[in-house]
Amino acid sequence: MNAYFRCINGCETYPLNEVIYQCKKCGDLLEVVHDVDSLKGKSAEYWRNTFRERRAGYKFPYTSGIWNKKEWVNPLMDDKYIVSLGEGYNPLTPIPAIANELGLSNLWIKHCGNTHTGSFKDLGMTVLVSMVNQMIHKDKKNIKAIACASTGDTSAALSSYGSYAGIPTIVFLPHNKISIAQLVQPISNGSIVLALETDFDGCMKVVQEVTKDNTIYLANSMNSLRIEGQKVVGIETIEQLDYNVPDYFIIPGGNLGNVSALGNGILMMKELGLINKVPRIVLAQAENANPLYLSYKKDFKEFKPVQAKKTLASAIQIGNPVSRDKAIKTLKVFNGIVEQASEQELADASAKYDRYGMFTCPHTGVALAVMEKLVKDGRIEKGSSVVVISTAHGLKFANTKALYHENKLDGLVSKYANTPIVLEPDPEKVRKVLYEKIK
Ligand SMILES: *Cc1c(COP(=O)(O)O)cnc(C)c1O
Ligand SMILES: [Zn+2]
């Protein structure tokens with residue numbers, strides 16, 4: 001079984017253990033190509049059973065939902081170099097009360113943030129760091145550190161997986177633009193943390209320059225190894241639905257790698273005969289960072305980067321997304337829709353679903369707001385089944401949530417604010433208030 005990098009324009013291929021992120025001929029992005037014919041040598045039934053059996057046991061590396069699908073993700077990995085922190089196997093939670101309210105047959109949230117560092121970035125980072133680990137120790141490549149630019153979650157994942165494997169990591173963060181919870185992760189894991197006085201797009205430029213020196217390996221999502229791990233999200237979700245393909249997947253997007261990962265995984269399932277139809281994919285953007293939405297409005301005929309404005313969905317505050325061509329390609333294949341959500345809409349949507357026992361991050365709020373918008377205007381038909389991809393754990397954004405509930409978010413009115421009731425410790429007074437509340 002084999003796999004290799006190929007330029008997305010098809011001009012050249014490269015081995016997976018080469019330190020390379022862009023095509024040497026045209027400069028465009030690379031993608032990982034799998035030997036689908038040899039994978040087809042095994043039946044759909046074989047793959048379904050294998051995935052199920054691996055999940056039922058405790059054998060490394062199948063303790064990871066990503067390496068559960070090793071042959072589909074990176075068949076060239078030796079198990080002994082795999083760096084895993086038990087990522088994947090994320091819960092898929094039905095929300096019947098809201099499905100009912102909206103007239104959907106089913107609504108699920110796929111919790112990709114229930115993972116080691118609290119975001120879906122772990123799903124791809126295990127693949128990237130494992131491969132680098134193998135390149136250092138097996139292929140004897142001279143790689144001294146791994147670096148990334150980040151809106152917070154990529155750096156948290158990189159620092160954690162890197163330090164677990166004993167590989168130094170360097171993270172470039174936009175100064176004062178990420179949450180405390182996100183900043184404290186790479187600091188705790190001992191990364192070299194550089195806070196640059198710019199935004200994400202500015203950090204991206206610097207890290208691309210610095211990693212031209214091949215001894216510092218680039219971990220951004222333009223590195224398509226990560227996409228191979230993230231690809232498992234759609235596969236695992238459909239598996240959890242016993243191979244009943246939902247009508248829609250809704251996913252928030254910033255740098256736009258994850259949407260193509262989602263699409264690639266589903267296409268692989270179809271090619272290998274595990275499913276016979278595909279869902280539509282909806283890409284949700286924050287109105288304050290919406291270049292793909294603007295391009296979609298013009299049928300993708302042009303794409304203009306924007307200056308991203310501040311958004312509560314800080315991980316998608318990106319104006320010049322690196323993986324835009326991959327995303328557009330995926331959206332065309334999946335009859336895709338791009339829609340946006342305002343700050344008010346994303347904050348309220350996030351808070352609304354929390355009232356149903358969730359604890360959603362602002363990016364998930366963007367996806368939820370967009371989903372409700374499409375259901376209400378009929379673009380998602382009544383009776384549809386819908387999966388919303390939740391990208392991070394709400395605890396990373398506890399500060400934003402606290403401000404929301406205190407009604408202190410700039411320019412917003414918090415529809416679902418819930419504030420603590422301050423009382424004297426007097427049982428009579430407490431009882432009076434309680435009976436008022438629960439009557
Ligand atoms: C990285 C990230 C996204 C955006 O994913 P892209 O692949 O850049 O589109 C969305 N939500 C969260 C929480 C993220 O960390
Ligand atoms: Zn090329």
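What this report covers is the structure whose coordinates are included nearby. (Residues numbered from 1 in each chain as written. Chains lettered and ligands numbered in written order. Predicted model: local features only at pLDDT ≥ 70, side-chain atom pairs only at ≥ 80, totals over all residues. Heavy atoms only, no water.)

Scanning the protein from N- to C-terminus turns up 17 helices and 13 strands. Whereas a compact globule of 439 residues would reach a radius of gyration of roughly 22 Å, the protein reaches 22 Å, a difference of no more than 12%. The principal-axis extents of the C-alpha atoms in the protein amount to approximately 70 × 50 × 50 Å. Within the protein, the proportion of its 439 residues that are buried is 59%. Expressed as a percentage of contacts within the protein between residues at least 6 apart in sequence, the contacts between residues at least 24 apart total 69%. Total accessible area computed for the protein in this model is approximately 18,200 Å², and 52% of it derives from carbon and sulfur atoms. Looking at charge distribution, the protein has the averaged site of its 52 positive side-chain charges lying 1 Å from that of its 45 negative ones. (Helix = DSSP H or I, 4+ residues; strand = E, 2+ residues; numbered from the N terminus. Rg over C-alpha atoms; globule rule 2.2 N^0.38 Å. Buried < 20%, exposed > 50% of the residue type's maximum accessible area, 1.4 Å probe, protein only. Contact = heavy atoms within 4.5 Å. Areas by Shrake-Rupley, 256 points an atom, 1.4 Å probe, with all protein chains shown as cover. Lys, Arg positive; Asp, Glu negative; His and termini not counted. Charge placed at Lys NZ, Arg CZ, Asp CG, Glu CD.)

A few words now on the sheet that holds strand 7 (residues 169–174). Pairing in this open sheet of four strands is parallel, and the strands run 8-7-6-9 from one edge to the other. Unpaired on one side and paired on the other, strand 8 (192–196) and strand 9 (216–218) mark the two borders of the sheet. Averaged over all pairs of adjacent strands, the angle between strand axes in this sheet comes to 25°, irrespective of strand direction. Relative to strand 7, strand 6 (residues 145–149) is paired through four bridges, and the arrangement is parallel. If you follow Cys148 over to strand 7, its bridge partner there is Val171. With respect to the sheet, helix 5 (residues 121–137) is in contact with strand 6 and strand 9, its orientation differing from that of strand 9 by roughly 150°. Strands in contact with helix 6 (residues 153–165) are strand 6 and strand 7; relative to strand 7, the strand with the most contacts, it is inclined by about 165°. (Pairing = 2+ DSSP bridges. Axes fitted to C-alpha atoms, helices over the stretch in contact; angles between N-to-C directions.)

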